[in-house]
Amino acid sequence: WRGREGKPYSTLVPSDEVTINYRHGLPVITLMLPSRSERCQFTVKPVVTTVGAFLQDVQREDKGIERAEVFATDGSKVSDATLMEVLLKNDFKLVINNTAYSVSPPVKDKLSSEHATDVEDIKSLVHRLFVALHLEDHQIRKERELLQKLDHLKEQLLPLEQMKARIMESADAKTSRLLWVGLALMSTQGGALAWLTWWVYSWDIMEPVTYFITYGSAMAFYAYFVLTKQDYIYPHAKDRQFLHYFYRKSKKQRFNVEQYNKLKDDLAEAEESLRRLRQPLRLRLPIQEINDKD
């Protein structure tokens, strides 16, 4: 039998040099360590142990092993990522240094359907126990990651929050001044109409003037609706003017509104994840369901 490079190995040892027995449901591989000339047993967990992990255990046990590989019966190398459960289903060859061991795993009896169901239930129970036992460690590690992410996001948001506060203060002041200017203009208009009606002209002359002023105001409100697709409601008009001043000031001071909103969304998402993590009963609930319950 030849290896990957086509060169024959110096020794091809019969299968009895490497034996596999099942003890308490786990395969126990017994082989001869070349340096110490003694037999050593390796208990593997076929569901989680890979071929690479098994070979590393063998090399750690005997420092004189320079080469340890596993080949299929057709000479192709078995990947280190292959699970031992897959490997033990067929015959294979274990190569240690220049010695190739022919290994024939024992054939396990086929389980009945009822027994197989019990085994699957046991596997599911073991998985749930593993998750339960390691959940606390996972939570602590995840909580630490979320806290670090929160600190990083808050550090990025701090200068943006300060800049936003200054821009909002300036926009609010301009909006308030505009409202006071509007009140002053309306007061001036009312005073002027009263003065013209009672001291300069008569009501017969001023009545058409007030009519056209009222009609012009109605046209202005209609034009506002055509342009904004909204009714002219004073709080909404104030908010619209505030946003106009805010975005104009942001552009002038190079305040990135999109970046700020993204950071705020990331911060809210991280805080929600941390809140869910600190409430174990809600870990498996979707965010929408949690919000509905709140």
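Residues numbered from 1 in each chain as written. Predicted model: local features only at pLDDT ≥ 70, side-chain atom pairs only at ≥ 80, totals over all residues. Heavy atoms only, no water.

Caption draft 1: Here's a closer look at helix H5 (residues 234-253). The end-to-end C-alpha separation of H5 is 28 Å, in line with the 28 Å expected for 20 residues at 1.5 Å each. Those residues of H5 that fall on the buried side of the exposure criterion are Ala237, Phe242, Tyr245, Phe246 and Ser250. Arg254 sits one or two positions beyond H5 and adopts a positive phi of about 60 degrees. (Helix = DSSP H or I, 4+ residues; strand = E, 2+ residues; numbered from the N terminus. Expected span 1.5 Å × (residues − 1). Buried < 20%, exposed > 50% of the residue type's maximum accessible area, 1.4 Å probe, protein only.)

Caption draft 2: Summary view of the UniProt feature "transmembrane region" (unreviewed entry) in the protein chain. Here, the residues flagged by UniProt with the feature "transmembrane region" (unreviewed entry) are residues 178-197 and 209-227. Helix makes up 100% of residues 178-197 and strand 0%, and the two end C-alpha atoms of the span are 29 Å apart. Strand forms 0% of residues 209-227 and helix 100%; the C-alpha atoms that close the span are 27 Å apart. (UniProt positions renumbered as here; feature names shortened; annotations may be inferred.)

Caption draft 3: Structural view of the side chain of Ser250. Position of Ser250 among the secondary structure elements: in helix H5. Setting aside residues up to four positions removed in sequence, Ser250 forms contacts with Ile167, Phe255 and Val257. (Contact = heavy atoms within 4.5 Å.)

Caption draft 4: Quick look at unusual backbone geometry. One non-glycine residue with positive phi stands out, namely Asn97, at about 55 degrees. Checked against the element boundaries, Asn97 lands in the loop between strand E6 (92-96) and strand E7 (99-103). Overall, the relative accessible area of 22% leaves Asn97 in the partly exposed class. Positive phi is not limited to glycine here, since Arg254 has a value of about 60 degrees. Among the secondary structure elements, Arg254 is positioned in the loop between H5 and helix H6 (257-277). You can call Arg254 exposed: its relative accessible area is 78%.

Caption draft 5: Fine view of the pattern of salt bridges. Per the counting criterion, the structure on display carries six salt bridges. A salt bridge links Arg60 to Asp57, with the shortest nitrogen-to-oxygen separation between them at 2.2 Å. Within this pair, Arg60 and its partner Asp57 are both found in helix H1 (residues 51-61), separated by three residues, close to a single helical turn. With relative accessibility at 32%, the residue Asp57 sits in the partly exposed group. Between Glu272 and Arg275 there is a salt bridge whose closest N-O contact spans 2.9 Å. Taken as a pair, Glu272 and Arg275 lie in helix H6 at a separation of three residues, close to a single helical turn. (Salt bridge = Lys/Arg side-chain N within 4 Å of Asp/Glu carboxyl O.)

Caption draft 6: Quick peek at the nonpolar core. By size, the foremost hydrophobic cluster in this structure holds 24 residues, and its most contacted members are Leu31, Phe54, Val70, Phe92 and Leu94. Where this core is concerned, the elements lending two or more residues are strand E3 (26-33), strand E4 (38-43), H1, strand E5 (68-72), helix H2 (84-87), E6 and E7. Sort the elements by how many residues they give to this core and H1 lands first, with four residues. Formed by 18 residues, the second largest nonpolar core is a distinct cluster that contains Leu153, Leu160, Phe242 and Val257. (Core = buried A, V, L, I, M, F, W, Y, C linked by side-chain atoms within 4.5 Å.)

Caption draft 7: View of the side chain of Thr49. Relative to the helices and strands, Thr49 resides in the loop between E4 and H1. Classification of Thr49 by relative accessible area gives buried; the value is 14%. Among residues more than four places away in sequence, those in contact with Thr49 are Val44, Phe54, Thr82, Leu83 and Met84.

Caption draft 8: How the structure looks around the packing of aromatic side chains. Across all of its chains, the model carries seven aromatic pairs by this definition. Between the aromatic rings of Phe42 and Phe54, the centroid separation amounts to 6.0 Å while the plane-to-plane angle is 90 degrees, which identifies the pairing as edge-to-face. Of this pair, Phe42 sits in strand E4 while Phe54 sits in helix H1, placing them 12 residues apart in sequence. Phe54 matches Phe42 in its accessibility class, with the two residues each being buried. Taken together, a centroid distance of 6.4 Å and an interplanar angle of 80 degrees make the contact between Phe246 and Phe255 edge-to-face. Here the two residues Phe246 and Phe255 agree in accessibility, since each one is buried. An aromatic cluster is built from Phe242, Phe246, Tyr247, Phe255 and Tyr260, whose rings are joined through pairwise contacts. (Phe/Tyr/Trp six-rings, centres within 6.5 Å; stacked < 30°, edge-to-face > 60°.)

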